[in-house]
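Chain by chain, the residues run as shown.
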Amino acid sequence: MKLILLLFFPCVGFSLLRNFFSLYNKFYHYFQKSKKDIYPIANVPVQDDKKLIILTPAGMYGFYVLGVASYLKQHYDLSDYIFSGASAGAWNSLFLTYNGQHTDEMYKNLFTCVSNSSNIYQMELNMKNFMLNEFRHDDFELDRLNVGVAALKRFNFKLYVYNDFDSLEDALDSCIASSHIPFISGGLYAKYRNRWSFDGGFYSYPYVKNIIPSFIIHPSMWNSTHTIADFPISTLINFKRKPLNISELFTLGYNDTHNNKAILDQMFTSL
């Protein structure tokens, strides 16, 4: 009997975990297909005095999105915009609040740091340590940052969109919480502000809700064959088995955005 139980429970656990991955993949697929149909948000008063850019979850394709964000930051006036993101989109939103110059050397050092990561959680910690060593709190306009995090409250999940960061480290910790997928990016949960926290991408709209977005940045926005070949979640599951060249992804995102400059010129004011 004991032998049967020992064989049974691992099989059940594996089955549940497989179903979880399948559900998460379906969610990402649904979100990518339906993102254009979810605005405006019903029953929420809309503010007209702010402009919003949304950055979606992206898995490892987040480095492609970082290339997109870098091009926008370097070529257009984004001073009137606030940024709202979840998961990889939270990290990229934070980069968009940087008030210094986005230099090639900065990204080269970041990619070197991240490339030495042995797993997803280690990559997040490496990014956090890199940014704390390279930057100061005043280098970022954190009042323009909004990070969506799924958190457990009284045995129910609730979406928190944080925007009251008191330090760069606090903002980075929120990005880690917003990126936490159980057993993929660490243990069961991440702890942020004394709450069990999880990937904001578990919600279909983990962003600021009272502003209709002016622009949405996501990995398939330019229909690149490099970012539509696989689900974003799969790039995390296969982090070690099928590693992606993050520097190459960044360059592809940057160049694809440049190739669509005519579209962006109609939406943003050039620097």
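Fair warning: this is a prediction, and the values are worked out from it, not measured in the lab.

Caption draft 1: Just helix H5 (residues 120–134), in detail. In this model, H5 (15 residues) spans 21 Å end to end at C-alpha, consistent with the 21 Å of a helix rising 1.5 Å per residue. For H5, the set of buried residues is Ile120, Met123, Glu124, Asn126, Met127, Lys128, Phe130 and Met131. For H5, the N-terminal capping position is held by Asn119, with its side-chain oxygen 3.2 Å away from the main-chain nitrogen of Tyr121.

Caption draft 2: Layout of the packing of aromatic side chains. Summed over all chains, the structure comprises 19 aromatic pairs. Ring plane angle 80° and centroid distance 5.1 Å describe the contact between Tyr71 and Tyr254, whose orientation is recorded as edge-to-face. Within this pair, whereas Tyr71 is found in helix H2 (residues 62–75), its partner Tyr254 is found in helix H8 (residues 246–259), the two being separated by 183 residues in sequence. In this structure Tyr71 comes out as buried when scored by relative accessible area, which is 1%. Judged by centre distance (3.9 Å) and plane angle (5°), the rings of Tyr189 and Trp196 are stacked. Residue classification places Tyr189 among the partly exposed positions, given a relative accessible area of 33%.

Caption draft 3: Summary view of the packing of helix H3 (residues 88–96) against H5. Two elements in contact, H3 and H5, have axes whose closest approach is 13 Å; the angle formed by their N-to-C orientations is 10°. Between H3 and H5, the angle is such that the two are roughly parallel. Here Trp91, Leu94 and Phe95 of H3 lie close against H5, whose contacting residues are Glu124, Met127, Lys128 and Met131. A per-class count over the contact of H3 with H5 returns five nonpolar, no polar and two charged.

Caption draft 4: Quick peek at empty space enclosed by the protein. Across all of its chains, the model carries three cavities of 30 Å³ or more by this definition. What the largest cavity holds in volume is close to 260 Å³. Considering the residues around the largest cavity, the lining is formed by 20 residues, among which Gly59, Phe63, Ala88, Trp91 and Met123 are closest to the centre. Where the lining of the largest cavity is concerned, the elements lending two or more residues are H2, H3 and H5. Class assignment for the residues of the lining of the largest cavity results in 13 nonpolar, five polar and two charged.

Caption draft 5: Fine view of the side chain of Lys73. Mapped onto the elements, Lys73 comes out in helix H2. In this structure the side chain of Lys73 is engaged in a polar contact, spanning 2.9 Å, whose partner is the backbone oxygen of Tyr98. Setting aside its immediate chain neighbours within four residues, Lys73 contacts Leu78, Leu96, Tyr98, His102 and Leu271.

Caption draft 6: Main features of the pairing of strand S1 (residues 51–55). For S1, the tally of buried residues reaches four of five residues, placing the bulk of the element in the interior. Direction of pairing for S1 relative to strand S2 (residues 81–86): parallel, over a ladder of five bridges. When the sheet's bridge partners are listed, Leu52 is paired in S2 with Ile82. Taking the sense of rotation as the criterion, the β-α-β connection linking S1, H2 and S2 turns out right-handed. The sheet contact formed by S1 and strand S7 (residues 215–217) spans three bridges and is parallel. Residue pairing in the sheet places Ile53 in a bridge with Phe215 of S7.

Caption draft 7: Representation of the environment of Phe165 in the model. On the secondary structure map, Phe165 appears in the loop between strand S4 (156–162) and helix H6 (168–178). Using a relative accessible area of 10% as the deciding quantity, one classes Phe165 as buried. As for Phe165 and Leu142, which are separated by 23 residues in sequence, their C-alpha atoms are 6.6 Å apart.

Caption draft 8: Here's a closer look at the pattern of salt bridges. All told, the structure shown has seven salt bridges when counted by the stated rule. Linking Asp170 and Arg193 is a salt bridge whose minimum nitrogen-to-oxygen distance equals 2.8 Å. Of this pair, Asp170 sits in helix H6 while Arg193 sits in the loop between strand S5 (190–192) and strand S6 (195–198), placing them 23 residues apart in sequence. Since its relative accessible area comes to 12%, Asp170 is described here as buried. In this structure, the salt-bridge partner of Asp265 is Lys261, at a minimum N-O distance of 3.0 Å. Placement of both Asp265 and Lys261 in helix H9 (residues 261–265) is noted, with a separation of four residues, approximately one turn of the helix. According to the relative accessible area criterion, Asp265 is partly exposed, its value standing at 35%. Assessed through its relative accessible area of 29%, Lys261 is described here as partly exposed.

Caption draft 9: Region of interest: the packing of H2 against H3. With their axes 10 Å apart at the nearest point, H2 and H3 run at an angle of 25° to one another. Relative to H3, H2 is oriented roughly parallel. Between H2 and H3 lies a crossing whose hand is right-handed. Residues Gly62, Val65, Leu66, Ala69 and Lys73 of H2 lie in contact with H3, whose contacting residues are Ala88, Asn92, Phe95 and Leu96. Per-class residue counts for the contact of H2 with H3 are six nonpolar, two polar and one charged.

The rules behind the values
- Residues numbered from 1 in each chain as written.
- Predicted model: local features only at pLDDT ≥ 70, side-chain atom pairs only at ≥ 80, totals over all residues.
- Heavy atoms only, no water.
- Helix = DSSP H or I, 4+ residues; strand = E, 2+ residues; numbered from the N terminus.
- Expected span 1.5 Å × (residues − 1).
- Buried < 20%, exposed > 50% of the residue type's maximum accessible area, 1.4 Å probe, protein only.
- Polar contact = N/O pair within 3.5 Å; in protein donor to acceptor, adjacent residues only side chain to side chain.
- Phe/Tyr/Trp six-rings, centres within 6.5 Å; stacked < 30°, edge-to-face > 60°.
- Axes fitted to C-alpha atoms, helices over the stretch in contact; angles between N-to-C directions.
- Parallel < 35°, antiparallel > 145°, perpendicular 65-115°, else oblique.
- Contact = heavy atoms within 4.5 Å.
- Nonpolar A, V, L, I, M, F, W, Y, C, P; charged D, E, K, R; others polar.
- 1 Å grid on protein atoms, 1.4 Å probe; cavity = no way out; pocket = protein on both sides within 12 Å on 5 of 7 lines; lining within 4 Å.
- Points joined across faces, edges and corners; volume = space filled by probe spheres on them.
- Pairing = 2+ DSSP bridges.
- Right-handed = clockwise from strand over helix to strand, strands pointing away.
- Salt bridge = Lys/Arg side-chain N within 4 Å of Asp/Glu carboxyl O.
- Left-handed = near helix turned anticlockwise from the far one by under 90°.

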